[in-house]
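Geometric and topological summary
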Amino acid sequence: TQLLEQSPQFLSIQEGENLTVYCNSSSVFSSLQWYRQEPGEGPVLLVTVVTGGEVKKLKRLTFQFGDARKDSSLHITAAQPGDTGLYLCAGAQTNAGKSTFGDGTTLTVKP
Amino acid sequence: DTGVSQDPRHKITKRGQNVTFRCDPISEHNRLYWYRQTLGQGPEFLTYFQNEAQLEKSRLLSNRFSAERPKGSFSTLEIQRTEQGDSAMYLCASSLDAGLTYEQYFGPGTRLTVT
């Protein structure tokens, strides 16, 4: 079983602060996705990383895939209340068909 | 295209009843997935289809659960003889079978409450 451990489980910060959340595994993944989910809704895809060491930026969000493709991080600069939500990572292995999800980091950004 | 849709959005049923959920994927997507999510957890894989073929089913999935995708388009998930432990959000996702990426696009989910 390929497990994805996300940390921290909960994070509460003030508007304007920076933060980093992590997604770690002992397994190698061919690709890794980050999603954001709001209460009562389905996850929304933010980014896919494929290459070891890859860095992708989406406005104030920076995603990095570890060199060994076993871990990833999401950094948010100058967090805003609209960033509040559950951040999920999901890893896929070649020819596996399905993805394995972590249990997420619940982020609360206070105004 | 309006994305993945699921129906109903909410379902309340009594223990022992059967329920069926529907998922309409993004039209050009050939893969369709079903997940279950409970509070404080990430989505848990149930099953997936490539076109009309069901390629994998979770070993954790009880034989009370069955899914179909008869024409490779929409899918249904049926739960027979529901139990209180079946209460959860049931998520459907679709994707293209394309290379190394497995970008799944999720529907809004069906919230099941078993009383």
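Please refer to the structure placed before this passage.
This structure is a prediction, so every number in the text was calculated from the model and none was measured.

1. A few points about the overall build of chain A
- Scanning chain A for helices and strands turns up zero helices and eleven strands.
- The C-alpha radius of gyration computed for chain A amounts to 13 Å, which stays within 12% of the reference 13 Å derived for 111 residues, consistent with globular compactness.
- Taken along the three principal axes of its C-alpha coordinates, chain A extends 45 × 30 × 20 Å.
- Within chain A, the proportion of its 111 residues that are buried is 46%.
- Expressed as a percentage of contacts within chain A between residues at least 6 apart in sequence, the contacts between residues at least 24 apart total 53%.
- Approximately 5200 Å² of chain A is accessible, and the part contributed by carbon and sulfur atoms is 49%.
- Counting 9 positive and 10 negative side-chain charges, chain A places the averaged centre of each group 5 Å from the other.

2. Details of unusual backbone geometry
- Each neighbour pair has its own omega, and for Ser7(A) with Pro8(A) the value is -10°, a cis peptide bond.
- Tracing the sequence through the fold places Pro8(A) in the loop between β1 (5-7) and β2 (10-14).
- Going from Asp7(B) to Pro8(B), the amide bond is cis rather than trans, its omega being -5°.
- With respect to the element layout, Pro8(B) can be found in the loop between β1 (5-7) and β2 (10-13).
- Even without glycine at this site, Arg81(B) takes up a positive phi of about 45°.
- Here Arg81(B) shows up in the loop between β8 (75-79) and β9 (88-95).

3. A closer look at the nonpolar core
- One finds Leu19(A), Leu32(A), Trp34(A), Leu74(A), Ile76(A) and Leu107(A) to be the most contacted residues of the largest nonpolar core, which totals 20 residues.
- Among the elements of the structure, β3 (19-24), β4 (31-37), β5 (44-49), β7 (61-65), β8 (71-76), β9 (85-92) and β11 (105-110) of chain A are those that each provide at least two residues to this core.
- If sequence neighbours within four positions are ignored, Leu74(A) has contacts with Leu19(A), Thr20(A), Val21(A), Trp34(A), Leu61(A), Thr62(A), Phe63(A) and Tyr87(A).
- Formed by 19 residues, the second largest nonpolar core is a distinct cluster that contains Cys23(B), Leu61(B), Leu77(B) and Ala88(B).

Criteria and thresholds
- Residues numbered from 1 in each chain as written.
- Chains lettered and ligands numbered in written order.
- Predicted model: local features only at pLDDT ≥ 70, side-chain atom pairs only at ≥ 80, totals over all residues.
- Heavy atoms only, no water.
- Helix = DSSP H or I, 4+ residues; strand = E, 2+ residues; numbered from the N terminus.
- Rg over C-alpha atoms; globule rule 2.2 N^0.38 Å.
- Buried < 20%, exposed > 50% of the residue type's maximum accessible area, 1.4 Å probe, protein only.
- Contact = heavy atoms within 4.5 Å.
- Areas by Shrake-Rupley, 256 points an atom, 1.4 Å probe, with all protein chains shown as cover.
- Lys, Arg positive; Asp, Glu negative; His and termini not counted.
- Charge placed at Lys NZ, Arg CZ, Asp CG, Glu CD.
- Core = buried A, V, L, I, M, F, W, Y, C linked by side-chain atoms within 4.5 Å.

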